[in-house]
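Chain and residue survey
Letter by letter, the chains look like this.
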Amino acid sequence: MGIKAVVAGASGGIGQPLSLLLKTSSLISELALYDVVNTPGVAADLSHISSPAKISGYLPKDDGAKTAFKDADIIVIPAGIPRKPGMTRDDLFNINAGIVKGLIETIAEVAPKAYILIISNPVNSTVPIAAEVLKAKGVFDPKRLFGVTTLDVVRAETFVAEIVGESNPQSLTIPVIGGHSGETIVPLFSQAKPAVSIPEDKYADLVKRVQFGGDEVVKAKDGAGSATLSMAYAGFRFAEKVLRGLKGEEGIIEPSFVYLPGVAGGDVIAKETGCDFFSVPIQLGTSGAEKALNPLTGLDENEKTLLKACVEGLKGNITKGVNFAHNPPQK
Ligand SMILES: NC(=O)C1=CN([C@@H]2O[C@H](COP(=O)(O)OP(=O)(O)OC[C@H]3O[C@@H](n4cnc5c(N)ncnc54)[C@H](O)[C@@H]3O)[C@@H](O)[C@H]2O)C=CC1
Ligand SMILES: O=C([O-])CC(=O)C(=O)O
């Protein structure tokens, strides 16, 4: 079976390197690039790469979004504005909420079976918006909708490796749960595999660095945007895992921000946290998010405190997204 992948927001800081990585993947046979600007050029450039994926670029004119998305198997969405110093992810809501809503409406119409991976911030709200739009159109399958939180996992691997002296950060598996902004990000070092020992005097700073790693990049870029290259890596890593699961590979697990009541095993986590949307380790398989693995048993005292702060912030972000989907501001 050939796989058609789409990047929406393909000309941007994340979109371009993400499209490059997807173009090189042997799992993809067709790659469609959609953006409101520059996709013909990005597509022409990538088309010279001698990998199998057939590439095409679309702009809004001539129903470009519909043609790009039509019958896609997987759609990755990094469309929307990024932060500047001094902004929170929630400050992006007013613009990005409408962008994501519009894209999902088109997807619901022309690619209702697509696996949708949302990168656009604030993820804590844009994923609930997407779910509500898909529900309203009668095509919501919670196993196919993912908020991409992989960058938090990638950061946790990197920063923990620095502290424990592990030369290959990728050999570490560290669950990061909750949401994708500040205190809603909860790294679970106690569940690292192989086990790691974080010196007590380094724990608080390490947690903060994972939670606010995005700010570190925003500050360093000094007005020129937020993480793009590390996000492209993280988005590609997650997309490949979804595709490998679809192809029948077993044992693939990666945290993602999903609608818990719709994923096997998710109900109990939703009850315990009071949040219907939450990032937890997800077992990926031939139908997408096959199982939510419960990370809440065995949290240590520090992690219980982090979880409390996470849930307080996350609930409001989710409600804001749901409300927007039902009552978008009139233009
Ligand atoms: N989930 C995560 O871990 C992360 C999320 N992000 C988020 O990803 C988003 C994109 O970031 P960047 O690529 O740095 O921004 P960017 O501004 O470089 O690129 C965004 C692209 O989206 C396009 N776009 C705008 N409206 C569109 C529409 N209606 N349809 C299609 N394309 C549209 C723009 O033309 C632009 O090319 C931001 O919201 C950012 O906050 C960034 C890093 C990590
Ligand atoms: O910080 C930002 O705005 C972009 C982002 O989500 C991240 O780097 O984690």
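The name given to the chain in an unreviewed UniProt entry is Malate dehydrogenase, and the organism recorded there is Oidiodendron maius. One UniProt comment on the chain, placed under Sequence similarities (unreviewed entry), says "Belongs to the LDH/MDH superfamily. MDH type 1 family." Turning to the chain, the UniProt record has this under Subunit (unreviewed entry): "Homodimer."

Another aspect to go through is the site of ligand 1. Not every one of the 34 residues close to ligand 1 is listed here, only the nearest: G9, G12, G13, I14 and N121. Among the residues forming the shell around ligand 1, the class breakdown is 18 nonpolar, 14 polar and 2 charged. Formed jointly, the shell around ligand 1 draws a minimum of three residues from each of two domains, domain 1 (3-147) and domain 2 (149-319).

Attention now goes to the UniProt feature "active site" (unreviewed entry) in the chain. The residues that UniProt annotates with the feature "active site" (unreviewed entry) are H180. With respect to the helices and strands, the residue H180 is situated in the loop between β7 (176-178) and β8 (185-187). Every residue in contact with H180, bar those within four places of it in the chain, is listed here: V123, N124, G147, T149, D152, I185 and F257.

A few words on the site of ligand 2. Taken together, P82, R83, R89, N121, L151, G214, V217, V218, S226 and A227 are the residues near ligand 2. The element that contributes the greatest number of residues to the shell around ligand 2 is helix α8 (residues 213-221), accounting for 3 residues. When its residues are assigned to classes, the shell around ligand 2 shows 5 nonpolar, 3 polar and 2 charged. Two domains each provide a minimum of three residues to the shell around ligand 2, namely domain 1 (3-147) and domain 2 (149-319).

Right, let's talk about the packing of helix α6 (residues 150-164) against helix α9 (residues 229-246) for a bit. Axis separation between α6 and α9 bottoms out at 8 Å; the angle between their running directions is 110°. Taken together, the axes of α6 and α9 lie roughly perpendicular to each other. The residues of α9 that touch α6, namely those facing T150, L151 and V154, are S230, M231, Y233, A234, G235, R237 and F238. Per-class residue counts for the contact of α6 with α9 are 6 nonpolar, 3 polar and 1 charged.

Right, let's talk about the domain arrangement of the chain for a bit. Structurally, the chain comprises domain 1 (3-147) and domain 2 (149-319). Inter-centroid distance (C-alpha atoms) of domain 1 to domain 2 is 22 Å. Elements that contribute at least two residues to the side of domain 1 that touches domain 2 include exactly α1 (15-23), β4 (74-77), β5 (115-118), α5 (123-136) and β6 (145-147). Per-element tally for the side of domain 1 that touches domain 2: the top contributor is α5, with 6 residues. Here the residues of the side of domain 1 that touches domain 2 are counted per class, giving 23 nonpolar, 5 polar and 6 charged.

On average, residues of the chain carry a pLDDT of 97, and 99% of them reach 70 or more. Among the prediction metrics, the complex's ipTM stands at 0.99, with pTM recorded as 0.98.

Glancing now at the environment of F93. As for its position among the elements, F93 is in helix α4 (residues 93-110). Of the residues examined, F93 has 20 C-beta atoms within 10 Å and is grouped as buried. Separated by 224 residues in the primary sequence, F93 and N317 have C-alpha atoms spaced 9.8 Å apart. Here F93 is in contact with P122, S125 and K320, once residues within four sequence places are set aside.

Criteria and cut-off values
Along each chain, residue indices are assigned from 1 in the same order as the chain's sequence is written. A letter from A marks each chain and a number from 1 marks each ligand, given out in the order of writing. In keeping with the predicted nature of the model, local features appear solely for residues at pLDDT of at least 70, side-chain atom pairs appear and are counted solely at 80 or more, and the whole-chain, interface and lining totals rest on all residues. UniProt positions are given in the numbering used here, feature names are shortened, and annotations may be inferred rather than shown by experiment. Only the C-beta atom matters for this test: placed from the backbone, it must lie within 6 Å of a molecule or strand for the residue to be near it. Residues are sorted three ways: Asp, Glu, Lys and Arg are charged, Ala, Val, Leu, Ile, Met, Phe, Trp, Tyr, Cys and Pro are nonpolar, and all the rest, Gly among them, are polar. Throughout the structure description, domain borders are defined by an automatic or database domain assignment. Helical segments are the DSSP runs of H or I of at least four residues, strand segments are the runs of E of at least two, and each set is numbered from the N terminus. Two residues qualify as a contact pair if the distance between their C-beta atoms, derived from the backbone, is within 7 Å. With axes taken as lines fitted to C-alpha atoms, and helix axes fitted only over the stretch in contact, angles between N-to-C directions fall between 0 and 180 degrees. Relative orientations are named as follows: roughly parallel for angles under 35 degrees, roughly antiparallel for angles over 145 degrees, roughly perpendicular for angles from 65 to 115 degrees, and oblique for any other angle. A residue's pLDDT is the predictor's confidence in that residue, given on a scale from 0 to 100. In this scheme every C-beta is placed from the backbone, and a residue whose C-beta has 20 or more other C-beta atoms within 10 Å is buried, one with 12 or fewer is exposed, and one in between is partly exposed.

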